[in-house]
Each structure stands twice: as structure tokens, then as C-alpha cells.
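# Structural description and commentary
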Amino acid sequence: DGGITQSPKYLFRKEGQNVTLSCEQNLNHDAMYWYRQDPGQGLRLIYYSQIVNDFQKGDIAEGYSVSREKKESFPLTVTSAQKNPTAFYLCASSIEGLAYNEQFFGPGTRLTVL
Amino acid sequence: AQKVTQAQTEISVVEKEDVTLDCVYETRDTTYYLFWYKQPPSGELVFLIRRNSFDEQNEISGRYSWNFQKSTSSFNFTITASQVVDSAVYFCALSEATGRRALTFGSGTRLQVQP
């Protein structure tokens, strides 16, 4: 089945630790995105990549880093510099990074900092 | 800068009632795209519809309908004869043809349909 997988579903981190969230897609999509969702709020764009080996900052990139070495993978690292990392993280992809392309979403990773 | 406003934080209806979810947007682009997504309790967003700025025709898909009005910068979503399975958070989103071409989301409306 084609789709987007995110792992793990739940993640607990101690303060001061870096943690990497996985996002893999087998849809052969060029563009991939990371969003953060806080309770009662919409999704905010962290980073996006429209092609392999290239990515751009979104609205809230501080404290996060990404890589796009393979078309199907777009991991997100939450660094210790992120002051309030507890949130629900959603990965998405689209055929191309064009404005009219709908995005397909993964099931999300819920990160909790202890 | 682009912005999407969903003023209704939470709506509660009884099954079989009709309900309309409001969405107001701001953009300087003449070419843009509007989307609605559904987020059920599982968390994964599900795409419902896309509309481009040049197409103001209303659309109906089963019990769902969408009313796009450029004059009021609104893209409202109506569910007719609501069902318990419609309970979810619904997001309206905007993407501009120029610039970063990524989605800007509203804050969402939580719909609860009571049996």
C-alpha cells in the first residue's frame, strides 16, 4: 500500500536531548513537509523540501533540523535548542511542490518532553 | 502575508442537523488554492477538497458542500444531515501560487456530532 509512515507514534525525551522523527513515503512524491500541531491550534510549517538535497525553512524552524538525502525520506531532528518541543508532529508529501497539489499526511508522532 | 481564520473553535450538533464551518482567508496573490482537511481522532489529516481562485462554482459531494465567495474571501463548508462519524477537527488551508507554495492552515474547528 502506498502511503506515508511516521515513527515512532509516541516519543518521550528528556530535556537537553536531541531526538529524530522518521518520515518515509512510497508515493514517489517530490515534495515533503513537516508541521507542528499544538492543542487547539492549526498546523505550523517547520521545514519543507521540494527536491532531494534541498530544503527550506518554514515559519517555526528554530530549534529543528532536517535532511533530504533520499526522495522517500525526510527525517526531522528536534534539538535541545527547541524551547518547547512537546507537540504533535505531522509529515506530509505532495507530487510536486506546486501550490495546487494536495498534501498527503502521515499518522503523526506525539513528542513529549519529560 | 497569507492568513486563514476559522473563528468557530468548537461546534456541537445533534445527528441529522446541518452544520456550516466558516473559513475566511487573506492573500495578496491573484492565483491561490483553498483546501479543506479533516482530522479524525486518529490524528492523520484527510484531504477533502481543493478550489482554485478562478473557480467560484460551488461544489457538492454527497452530504458535503462548499461555498467559495471571492467577494467576501470565504470558503465555507457545509455538512448536511450530520452523522456521528463526521466528528473531527476540520481545517481550512490556503496555498499561494507564488512564494513558498506551502499550506497555511487555519486553527481548525472541532465538530462534535451527538447521537
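The following refers to the structure shown. As the structure is a computational prediction, the values presented were derived from the model and not from experiment.

## Examining the overall build of chain B
Assigned secondary structure in chain B consists of zero helices and twelve strands. When the helices and strands of chain B are read in sequence order from the N terminus, they spell out β-β-β-β-β-β-β-β-β-β-β-β. The C-alpha atoms of chain B give 14 Å as radius of gyration, which agrees with the globular expectation for 115 residues (13 Å, within 12%). Across the 115 residues that make up chain B, the buried fraction comes to 44%. Residue pairs at least 24 apart in sequence account for 56% of intrachain contacts in chain B once pairs closer than 6 positions are excluded.

## Examining the side chain of B:Thr109
Its place among the elements puts B:Thr109 in strand S12 (residues 109-114). A polar contact of 2.6 Å, which involves the side chain of B:Thr109, links it to the backbone oxygen of B:Gln8.

## Some remarks on the sheet that holds strand S3 (residues 19-25) of chain A
All names here are of chain A. Pairing in this open sheet of four strands is antiparallel, and the strands run S1-S3-S8-S7 from one edge to the other. Both edges of this open sheet fall to strand S1 (4-7) and strand S7 (64-66), since each of them pairs with a single strand only. The average angle at which neighbouring strand axes cross in this sheet is 20 degrees, direction not considered. With four bridges joining them, S1 and S3 adopt antiparallel strand pairing. For Thr5, the partnering residue across the bridge sits in S3 and is Glu24.

## A word on the interface of chain B and chain A
Tallying the contact residues gives 21 residues for chain B and 25 residues for chain A. Between chain B and chain A, roughly 1800 Å² of surface is buried when both sides are summed, and carbon and sulfur atoms account for 53% of that area. For the chain B face of the interface with chain A, the top three residues by lost area are B:Arg100, B:Arg101 and B:Phe105, together amounting to 32%. Where chain B meets chain A, there are one salt bridge.

## Overview of the state of the cysteines
Counted under the stated rule, the structure contains two disulfides over all chains. Across the disulfide, A:Cys23 is cross-linked to A:Cys91 (sulfur-sulfur distance 1.9 Å). For the disulfide bridge between A:Cys23 and A:Cys91, the dihedral angle about the S-S bond is near -70 degrees, and by the sign convention the bridge is left-handed. Separated by 68 residues along the polypeptide, A:Cys23 in strand S3 and A:Cys91 in strand S9 (residues 87-94) bring together distant segments of the chain. Classification of A:Cys23 as buried rests on a relative accessible area of 0%. Bridging B:Cys23 to B:Cys92, the disulfide has an S-S length of 2.0 Å. Taking the torsion about the S-S bond as the criterion, the B:Cys23 to B:Cys92 disulfide, at about -65 degrees, is left-handed. In this pair, B:Cys23 sits in the loop between strand S3 (19-21) and strand S4 (24-26) while B:Cys92 sits in strand S10 (residues 88-96), placing the two residues 69 residues apart along the sequence.

So, how was this worked out
- Residues numbered from 1 in each chain as written.
- Chains lettered and ligands numbered in written order.
- Predicted model: local features only at pLDDT ≥ 70, side-chain atom pairs only at ≥ 80, totals over all residues.
- Heavy atoms only, no water.
- Helix = DSSP H or I, 4+ residues; strand = E, 2+ residues; numbered from the N terminus.
- Rg over C-alpha atoms; globule rule 2.2 N^0.38 Å.
- Buried < 20%, exposed > 50% of the residue type's maximum accessible area, 1.4 Å probe, protein only.
- Contact = heavy atoms within 4.5 Å.
- Polar contact = N/O pair within 3.5 Å; in protein donor to acceptor, adjacent residues only side chain to side chain.
- Pairing = 2+ DSSP bridges.
- Axes fitted to C-alpha atoms, helices over the stretch in contact; angles between N-to-C directions.
- Buried area = accessible area lost by both parts, 1.4 Å probe.
- Salt bridge = Lys/Arg side-chain N within 4 Å of Asp/Glu carboxyl O.
- Disulfide = S-S within 2.5 Å.

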